[in-house]
Amino acid sequence: MKLLDSTDSGNSSSIERTQYPYVTGTSVIGIKYKDGILMAADMGASYGSTLRYKSVERVKPVGKHSLIGASGEISDFQEILRSLDELILYDNMWDDGNSLGPKEVHNYLTRMMYNRRNKFDPLWNSLVLGGVKNGQKYLGMVSMIGVHFEDNHVATGFGNHLARPILRDEWHENLTFEDGVKLLEKCMRVLLYRDRSAVNKLQIAKITEEGVTVSQPYALKTFWNFNAFQNPTVGAEGSW
Amino acid sequence: MDPSVGDLNSPHSMGTTIIGVTYNGGVVLGADSRTSTGVYVANRASDKITQLTDNVYVCRSGSAADSQIVSDYVRYFLHQHTIQLGEPATVKVAANLVRLLSYNNKSMLQTGLIIGGWDKYEGGKIYGVPLGGTILEQPFAIGGSGSTYLYGFFDQEWKEGMTKDEAEKLVVKAVSLAIARDGASGGVVRTVIINSDGVTRNFYPGDSLPLWHEELEPQNSLLDILSSSSSEPMVS
């Protein structure tokens, strides 16, 4: 039910300008591994500089074959989830034995994001879409302006700057589940140290041919016992 | 990947303190009563907890006009929905109607809302719908400009499974603390308790609230202090 939708055609009070985000999620990281895809995101949603919500699920299953992770405006992500729900519903209603795979869902998302961008009314998200269908692993990303691509490892936001260098160095084909989780946790820990909007409560989701599992929320240990941290300003009082 | 548009770090802060808390059996909604236009207090005894149905109420913050029109539309739609459904609307439906209006008109509205109520399917529930139209079901929610002073308080004091009295005391204490520090919040504390037995409205006038740091017991006049005191209240 669309009530007074500002993107309706013919509604002369709709304002054609880019919005700004209010409640936002930070990085999502995704990697391919031996059996499928692993995706990690923390459970934080910030309101400007306040870490306002700390139990928001930013990784969700889509149909039988895909996982979506989102950063950016949470209300727009919730709307995307509703559209995807409708997409999967219609797909199931065909009842023809076929089901939308991750490649198709990624394409649908790309079209949705790019068309909104062209109207100067973007969905303010960066999305990671991963999945497995008929043994084929798929991992892709779509940004709020419709830039889309696939890769063996993807990340959004800060994750691009902090996590991808680690992944470029340490990712390899056929990672085991354990190695994949350790790699993701290494990246998430760096993000926790260095991303102001990160919170220490995360979920890791995996998708394989068998299906989707999303872990329970958990927190990472952090390390502060370096000698250099003990007395950093000795000999240089006033510095930091 | 993510184009930046100026300073994304400071959303508009809103006059008011609003709170919604679940307890074992229902919900308690609370709010201050100050409506300000700039620095002038236009209404010092407003009622920011508005009824949507018999069993669902909403706490309003942000633009008074926007929050009022949203509640009016939601009340209207819920009324029709209740007739069609044949039984009381659920809190979830009410909250989602609020979300639809907030989300689909996000460029024009500036209001943060907390929806709370009781229905026979899910019991007491609180939903937050902040700026932008995100919907989040929470065990408790705080909103408005005064809420910035309450994050630490709730981190410490919140516990699951409180009784009705514990929950109400917590809400009154919290609103009162926010009023002490937020210029845009003030007046009286109003609470609304919703459970299977129905709805109870309470009113806590400013002079019944506890005193916090650097606040003094109100007096009728200096003259009373002078006449009662034996020490030297007037120091030259």
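Read on for an overview of the structure. What you are looking at is a predicted structure, and each value in this text was computed from that prediction instead of being measured. (Residues numbered from 1 in each chain as written. Chains lettered and ligands numbered in written order. Predicted model: local features only at pLDDT ≥ 70, side-chain atom pairs only at ≥ 80, totals over all residues. Heavy atoms only, no water.)

1. So, the overall build of chain A
1) Next: Across its full length, chain A holds five helices and 13 strands.
2) Next: For 240 residues, the compact-globule estimate of 2.2 N^0.38 gives 18 Å, and the C-alpha radius of gyration of chain A, at 20 Å, lies within 12% of that figure.
3) Next: With respect to the principal axes defined by its C-alpha atoms, chain A has extents near 70 × 50 × 25 Å.
4) Next: Among the 240 residues that make up chain A, the fraction classed as buried is 50%.
5) Next: In chain A, the share of contacts with a sequence separation of at least 24, taken over all contacts with a separation of at least 6, comes to 63%.
6) Next: Element-wise, carbon and sulfur atoms account for 50% of the exposed surface of chain A, whose accessible area totals about 12300 Å².
7) Next: Where the 27 positive side-chain charges of chain A centre and where its 28 negative ones centre are 5 Å apart. (Helix = DSSP H or I, 4+ residues; strand = E, 2+ residues; numbered from the N terminus. Rg over C-alpha atoms; globule rule 2.2 N^0.38 Å. Buried < 20%, exposed > 50% of the residue type's maximum accessible area, 1.4 Å probe, protein only. Contact = heavy atoms within 4.5 Å. Areas by Shrake-Rupley, 256 points an atom, 1.4 Å probe, with all protein chains shown as cover. Lys, Arg positive; Asp, Glu negative; His and termini not counted. Charge placed at Lys NZ, Arg CZ, Asp CG, Glu CD.)

2. Some words on the overall build of chain B
1) Next: A tally of helices and strands in chain B yields five helices and twelve strands.
2) Next: Seen along its three principal axes, the alpha-carbon backbone of chain B occupies a region of about 70 × 50 × 35 Å.
3) Next: Among the 236 residues that make up chain B, the fraction classed as buried is 47%.
4) Next: For chain B, long-range pairs separated by at least 24 residues make up 61% of all intrachain contacts whose partners lie at least 6 apart in sequence.
5) Next: For chain B, the computed accessible surface area is about 11800 Å², with 51% contributed by carbon and sulfur atoms.
6) Next: Measuring between centres, the 17 positive side-chain charges of chain B sit 5 Å from its 25 negative side-chain charges.

3. Notes on the nonpolar core
Residues and elements named next belong to chain B.
1) Next: Formed by 22 residues in total, the largest nonpolar core has its most connected members in Ile19, Val21, Leu150, Phe154, Trp158 and Met162.
2) Next: For this core, the secondary structure elements donating two or more residues are strand 1 (18-23), strand 10 (140-143), helix 3 (151-157), helix 4 (164-181) and strand 11 (189-195).
3) Next: Residue contributions to this core peak at eight residues, all from helix 4.
4) Next: The residues contacting Val21, other than those within four sequence positions of it, are Gly26, Val27, Val28, Ile126, Pro139, Phe140, Phe154, Trp158, Met162, Ala167 and Val171. (Core = buried A, V, L, I, M, F, W, Y, C linked by side-chain atoms within 4.5 Å.)

4. Things to note about the environment of Leu52 of chain B
Residues and elements named next belong to chain B.
1) Next: Within the element layout of this structure, Leu52 appears in the loop between strand 5 (49-51) and strand 6 (56-62).
2) Next: For Leu52, a relative accessible area of 5% translates into the label buried.
3) Next: Sequence spacing of Leu52 and Ser71 is 19 residues, and the spatial spacing of their C-alpha atoms is 6.9 Å.
4) Next: Apart from residues no more than four positions distant in its own chain, Leu52 is found in contact with Tyr57, Val58, Ser71, Val74, Arg75, Leu78 and Ala94.

5. Brief notes about the pattern of salt bridges
If the charged atoms of two oppositely charged side chains come close together, the side chains can form a pair.
1) Next: Enumeration according to the criterion identifies 14 salt bridges over all chains in this entry.
2) Next: Across the pair Asp151 of chain A and Arg164 of chain A runs a salt bridge, and its minimum N-O distance is 3.0 Å. Residue Asp151 of chain A is found in the loop between strand 10 (148-150) and strand 11 (153-155), and its partner Arg164 of chain A is found in helix 3 (residues 158-170); the two are separated by 13 residues along the sequence.
3) Next: Exposure remark for Asp151 of chain A: the relative accessible area of 30% places this residue in the partly exposed category.
4) Next: For Arg75 of chain B, the salt bridge goes to Asp72 of chain B, with nearest N and O atoms at 3.1 Å. Within this pair, Arg75 of chain B and its partner Asp72 of chain B are both found in helix 1 (residues 64-85), separated by three residues, close to a single helical turn.
5) Next: Note on Arg75 of chain B: relative accessible area 32%, which makes it partly exposed. (Salt bridge = Lys/Arg side-chain N within 4 Å of Asp/Glu carboxyl O.)

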